[in-house]
Amino acid sequence: AHCSWMRHSGRGAVAVAFGAGLLLMFVSFTSITEGFLPAFSGGSHSQVYPRAELRGTPTMDKWLLEHQEQIRRSNVKATGGEGGASLVFLGDSITQGWQFGAFSTRDPFLNGRSKPQEAALFRKRFGSGGAPPLNWAIGGDKVGDLAWRLGHGGLGEVRVNPAAFVLNIGTNDIKDPRKARPREVADGVTTSVVAQLEATWPRAKVVVLALLPRAPREFPITSTSEAWDEGNAYYRHIKEINARLEEAAARDPRVTYLDCSPGLLSANGTRLPRTTMGDYLHPSLAGYRILADCLAPVLRRITDAA
């Protein structure tokens with residue numbers, strides 16, 4: 001629409017559009033740097049700003065727009081425009097990948113196929129009334145990012161009443177294993193995310209998925225599998241985080257902890273194959289099918305009882 005208006009209005013339109021663009025950039029930058037992004041206060045992730053390293057950049061603006069678009073899509077579903085949704089998936093690119101396919105742009109192993117297959121799988125295994133569940137995930141999110149999104153529009157503006165939330169978050173918090181703080185990650189999931197969900201939807205259940213196994217990556221990837229043992233830089237961190245998540249879930253009757261990792265590993269559990277974890281971080285299509293087989297029965301029991 002803007003392009004058509006500019007064609008009919010000539011040079012004056014170009015000048016106005018250019019000025020409006022500068023004004024938009026200034027307002028966007030100013031709003032971000034002067035308090036549009038207040039800290040999330042609560043839990044071990046208090047005073048966490050979302051995407052702090054990106055504040056004032058176009059990437060941050062894109063993240064905010066995606067956040068707002070998710071709110072809009074959620075409310076369309078809630079008002080019947082695209083059917084109801086009894087399930088809401090929350091997380092990072094692994095969860096987002098259910099709907100949009102694997103995320104590695106540098107790995108032909110993941111990109112040499114049709115990505116809509118994941119979306120079809122997502123709709124078929126978890127959809128209701130022909131509509132897929134709500135997918136409220138953004139690639140790259142850490143625990144604090146998701147906590148902020150839930151506290152700033154994600155809960156107050158989304159008019160849904162799901163039977164269950166499916167939560168998988170935390171792997172980006174340990175992206176650099178040398179700086180990983182497993183206890184803080186697990187505590188953040190419990191006190192900054194799960195607590196918000198339970199306070200807003202006291203009748204909904206929360207399924208907390210264990211962090212998936214991963215391995216260090218160097219592109220192009222030439223190996224067919226990587227070790228899943230003490231020699232893997234992520235192994236001990238993920239084991240500790242998952243143990244803490246499981247322990248916390250055992251104390252909360254509204255939370256179910258589910259570890260689908262065994263199905264992604266080799267038969268003896270010591271190797272992480274690319275056939276299931278395509279780039280050693282994101283599942284392949286086969287990996288998503290394994291996750292669906294693991295998760296679907298649990299969600300079916302929850303929705304049947306709702």
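Since the model is a prediction, treat every value here as computed from it, not as a measurement.

## Overview of the overall build of the chain
Each helix and strand counted, the chain has 10 helices and seven strands in total. Among the 306 residues that make up the chain, the fraction classed as buried is 47%. Summarising the internal contacts of the chain: among those between residues at least 6 apart in sequence, 76% fall at separations of at least 24. Carbon and sulfur atoms make up 55% of the accessible area of the chain, which totals about 15,200 Å².

## Some points on the state of the cysteines
Put plainly, a disulfide is one covalent bond tying together the sulfur atoms of two cysteines. Taken as a whole, this structure holds one disulfide when the rule is applied. Put simply, Cys260 and Cys294 are joined by a disulfide, and their sulfur atoms are 2.2 Å apart. Because the sign of the S-S torsion sets the handedness, a value of about -85° for the bond joining Cys260 and Cys294 places this disulfide among the left-handed ones. Of the two residues, Cys260 sits in the loop between strand E6 (255-258) and strand E7 (271-273) while Cys294 sits in helix H10 (residues 285-305), which places them 34 residues apart along the sequence.

## As for the side chain of Asp145
Along the chain, the position of Asp145 falls in helix H7 (residues 143-154). One polar contact links the side chain of Asp145 to the main-chain amide nitrogen of Lys142, over a distance of 2.8 Å.

## Thoughts on the packing of aromatic side chains
The full count for this structure, using the stated rule, is 10 aromatic pairs. Aromatic side chains Phe89 and Phe126 sit 5.3 Å apart centroid to centroid with 50° between the ring planes, which places their arrangement in the tilted category. With Phe89 in strand E1 (residues 87-91) and Phe126 in helix H6 (residues 116-126), this residue pair connects regions lying 37 residues apart in the sequence. The pair Phe89 / Phe126 is uniform in exposure class, with both members buried. Aromatic side chains Trp98 and Phe126 sit 5.4 Å apart centroid to centroid with 90° between the ring planes, which places their arrangement in the edge-to-face category. In this pair, Trp98 is assigned in helix H4 (residues 93-100) and Phe126 in helix H6, connecting sequence segments 28 residues apart. Taken as a pair, Trp98 and Phe126 share a single burial class, namely buried. Members of the aromatic cluster, each reached through a chain of ring pairs, are Phe89, Trp98, Phe122, Phe126 and Tyr288. A cation over a ring is seen here: Arg214 above Tyr234, with NZ or CZ 4.2 Å from the ring centre.

## Structural notes on the environment of Tyr288
In this fold, Tyr288 is placed in helix H10. When its relative accessible area of 0% is taken as the criterion, Tyr288 is described as buried. Tyr288 sits 170 residues away from Glu118 along the chain, and the two C-alpha atoms are 7.3 Å apart. Setting aside chain neighbours within four positions, we find Tyr288 in contact with Ser93, Ile94, Gly97, Trp98, Glu118, Leu121 and Pro283.

## Overview of the packing of helix H8 (residues 182-200) against helix H9 (residues 235-250)
As a packed pair, H8 and H9 sit with axes 9 Å apart at the nearest point and diverge in direction by 35°. Our pair here, H8 against H9, has a crossing hand that is right-handed. Along its contact with H8, which presents Pro182, Arg183, Val185, Ala186, Val189 and Thr190, the element H9 presents His237, Glu240, Ile241, Arg244, Leu245 and Ala248. Looking at side-chain class alone, the contact of H8 with H9 contains seven nonpolar, two polar and three charged residues.

Rules of the game
- Here the residue numbering is sequential within each chain, running from 1 through the sequence in written order.
- Thresholds applied to this predicted model are a pLDDT of at least 70 for local features of residues and 80 or more for the giving and counting of side-chain atom pairs; totals over whole chains, interfaces and linings are not thresholded and use all residues.
- Just so you know, side-chain values use all the structure's heavy atoms and leave hydrogens and water out.
- Helix numbering and strand numbering both begin at the N terminus, where a helix is a DSSP run of H or I of at least 4 residues and a strand a DSSP run of E of at least 2.
- Categorising residues by exposure relies on relative accessible area from a 1.4 Å probe, with only protein chains included: less than 20% of the type maximum marks a residue as buried, more than 50% marks it as exposed, and the intermediate range marks it as partly exposed.
- In what follows, a contact means two residues having at least one pair of non-hydrogen atoms within 4.5 Å.
- Only the protein chains shown count as cover for residues, and all accessible areas are computed by the Shrake-Rupley method using a 1.4 Å probe.
- Any pair of cysteine sulfurs within 2.5 Å is marked as a disulfide.
- The term polar contact refers here to a pair of N or O atoms within 3.5 Å; inside protein, the definition further demands a hydrogen-donor-capable atom paired with an acceptor-capable atom, and it admits residues adjacent in sequence only when both atoms are side-chain atoms.
- Any Phe, Tyr or Trp ring, taking Trp's six-membered ring, that has another such ring centre within 6.5 Å forms a pair; planes under 30 degrees apart are called stacked, those over 60 apart edge-to-face, and the others tilted.
- Each ring is checked for a lysine NZ or an arginine CZ that lies within 6 Å of its centre and within 35 degrees of its normal; such an atom marks a charge sitting over the ring.
- The axes are straight lines fitted to the C-alpha atoms, using for helices just the contacting stretch, and the angles between their N-to-C directions are given from 0 to 180°.
- Two helices crossing with the near one rotated counterclockwise from the far one by less than a right angle form a left-handed crossing, whereas a clockwise rotation gives a right-handed crossing.
- When residues are sorted by character, Ala, Val, Leu, Ile, Met, Phe, Trp, Tyr, Cys and Pro go into the nonpolar class, Asp, Glu, Lys and Arg into the charged class, and all the rest, Gly among them, into the polar class.

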